[in-house]
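Residues per chain, in single letters:
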Amino acid sequence: MVHGRQRDFALWKVEDRLAECKGFFLGIVRRREVLPRASSAYLAISLDELLEHEMERVLMLERRIAVAQHSFSDCFNNMSDGECLRNFRFQKCDIWRMVNVVGWPSSETHTERNRYSTNPLLSTCIVLNRLSNPSRWYDVEPFFGKHSSHLSEIFWETLESFYVKRKHLILGPISRSFLQNRAKMYAECVASAGSMLQYCVGFIYGTVIGIARTQASEMQRVVYSGHKRKHAMNFQALITPDGLISHASGSLESRRHDWTMYGFSGIDEQLAEALSIDGEQFYIYGDSGYNRRPHMEVPYVGSVLTDDQKECNKRISSVRVTVEWLFMDVKQQWTAIDFKRKLRIGQSPVGLMYLCTMLLHNCRACIYPNQISQKFKCPPPPLEEYLSHKD
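Fair warning: this is a prediction, and the values are worked out from it, not measured in the lab. The residue count restarts for each chain, going from 1 along the sequence in the order it is written. pLDDT decides what is reported in this predicted model: residues at 70 or higher carry local features, side-chain atom pairs at 80 or more are listed and counted, and totals for whole chains, interfaces and linings draw on all residues regardless. To obtain the side-chain values, all non-hydrogen atoms of the structure were included, while hydrogens and water were left out.

Peer 1: Mind laying out the pattern of salt bridges, listing which residues take part and the relevant values?
Peer 2: Between Lys or Arg on one side and Asp or Glu on the other, a salt bridge is scored when a side-chain nitrogen of the former is within 4 Å of a carboxyl oxygen of the latter. According to the stated counting rule, one finds 8 salt bridges in the structure shown. The partner of Lys184 in a salt bridge is Asp278, and the shortest N-O contact between them spans 3.9 Å. Taken together, the residues span a long stretch of sequence, with Lys184 in helix α9 (residues 176-192) and Asp278 in the loop between β5 (276-277) and β6 (280-281) at a distance of 94 residues. The class for Lys184 is partly exposed, based on a relative accessible area of 44%. A run of H or I in DSSP becomes a helix once it reaches four residues, and a run of E becomes a strand once it reaches two; helices and strands are each numbered from the N terminus. Relative accessibility under 20% of the residue-type maximum defines a buried residue, over 50% an exposed one, and the middle range a partly exposed one, all with a 1.4 Å probe and only protein chains included.

Peer 1: I'd like to hear about the packing of aromatic side chains, residue by residue, with values.
Peer 2: What counts as a ring pair is set by centres within 6.5 Å for rings of Phe, Tyr and Trp (its six-membered ring), and what kind of pair is set by the plane angle: stacked under 30 degrees, edge-to-face over 60, tilted for all other angles. One pass over the structure, following the stated rule, counts 20 aromatic pairs. Between the aromatic rings of Phe90 and Trp334, the centroid separation amounts to 6.3 Å while the plane-to-plane angle is 40°, which identifies the pairing as tilted. Linking Phe90 in the loop between α4 (81-88) and α5 (92-102) with Trp334 in the loop between α14 (322-333) and α15 (350-367), this pair joins segments that are 244 residues apart in sequence. Across the pair, Trp334 and Phe90 agree in class, each one buried. Aromatic ring contacts, followed pair by pair, group Phe72, Phe76, Phe88, Trp96, Phe143 and Phe144 into a single cluster. Think of it as a cone above the ring: NZ of Lys or CZ of Arg counts as a charge over the ring if it is within 6 Å of the ring centre and within 35 degrees of the ring normal. Over the ring of Phe76 we find Lys92, and its NZ or CZ is 5.7 Å from the ring centre.

Peer 1: Which residues make up the confidence of the model for the protein chain, and what values do they have?
Peer 2: Reading predicted coordinates in detail is not appropriate for stretches of low pLDDT. Confidence of the predictor at the level of single residues is given by pLDDT, which spans 0 to 100. On average, residues of the protein chain score 82 in pLDDT, and 81% of them reach the 70 mark or higher. Counting contacts from residues 31-35, a segment whose pLDDT is below 50, to residues more than four positions away or on other chains yields 3 contacts. Any pair of residues with heavy atoms lying within 4.5 Å of one another is described as a contacting pair.

Peer 1: Can you break down α14 residue by residue, with the values?
Peer 2: Given the number of residues in a helix, its expected span is that number minus one, multiplied by 1.5 Å. In this model, α14 (12 residues) spans 17 Å end to end at C-alpha, consistent with the 16 Å of a helix rising 1.5 Å per residue. All buried positions along α14 are accounted for by Thr322, Val323, Leu326, Phe327, Val330 and Gln333. Taken end-on, α14 shows its buried residues confined to a sector of 165°, consistent with a single buried face. Here, the arc refers to the directions that run from the helix axis to the C-beta atoms.

Peer 1: How would you explain the side chain of Ser348 if you had to name every residue and give the values?
Peer 2: With respect to the helices and strands, the residue Ser348 is situated in the loop between α14 and α15. Beyond its immediate chain neighbours, meaning those up to four positions away, Ser348 contacts Trp156, Lys342 and Leu343.

Peer 1: Describe unusual backbone geometry, and please don't skip the residues or the numbers.
Peer 2: Even without being glycine, Asp278 reaches a positive phi, approximately 50°. The exposed category is assigned to Asp278, whose relative accessible area is 67%. Positive phi outside glycine occurs at Lys377, with the angle close to 55°. Tracing the chain through its elements places Lys377 in the loop between α16 (371-376) and α17 (383-388). Residue Lys377 is classed as exposed on the basis of its relative accessible area, which comes to 72%.

Shown next as structure tokens:
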């Protein structure tokens, strides 16, 4: 709350200003520089406007003082696990684990640009809250005890630090040792789920993220998708049966085909080497937009298919649909990337935000049960093991 002395001082300033203005207007009336009726009406309107303006200043002062006096650390310590899940998508004990994952340097106590004060816990919570709730910075000022400009700078610097430190987990070369150690388990889980695939270790799929219409006219046609009938960006993900995104690529303009994105991702040669294990050829599965390769299977296509081929496509399709569950879960947990009014090229880095939500999804999937791992009965690795692989 605002201290009594500060509030009294603010109100005294309002009364002092009103007295000065009232004397000024009354002096005009007495000197008959304007008509008496017009003077009284103008005086009443002017005093009301001045009072409203000054009261807004008092309320703004109260808010700024309340924000400055708020301690987020005390508020966080009093939160329950349910409140932490609603605000940050992680329980309280797991948020401390995420502090190390996000990796804001513990030696840094200020932002780099404007030197706003922060700490690893506050920086991590700002990122988690912002990505899970597309609210205005003004609305969360009392919650974090920071002003909008402070929150914005802390968020973007922390998000960039997190991306630089952990991007190798989904963007770098595919971890051959990690994939090869779990390939046989992946294949068994996919086969036991009812598909007719004996050596499938994952599924590759593309997704579209809607964005706001760009202001630059030359960019509007580039990012517009005639198929989806909206402005959007394309991403592609390789998803394993434990519910993790093993590799991601993007962002590209939405008019690009899935096979084009696959070529841009550069993982074709990596998969060819990583999926040849002990003389057995494992593979991933894609939809009809991809081409068949030794390390990739696709559905049977054509106007004339045998009954066995149709049955094979049907059974595999019922398993492959789980890939869409992951993209749905990402959008439900991290709703900021599903609020396209705030996703505008040139004003916010859309690709950075979505790739970071993919990383956060993987971290959350390693801690809490997810639909895909339960469907395939394939438990994901512990969080520390997942973060440790770099090759």
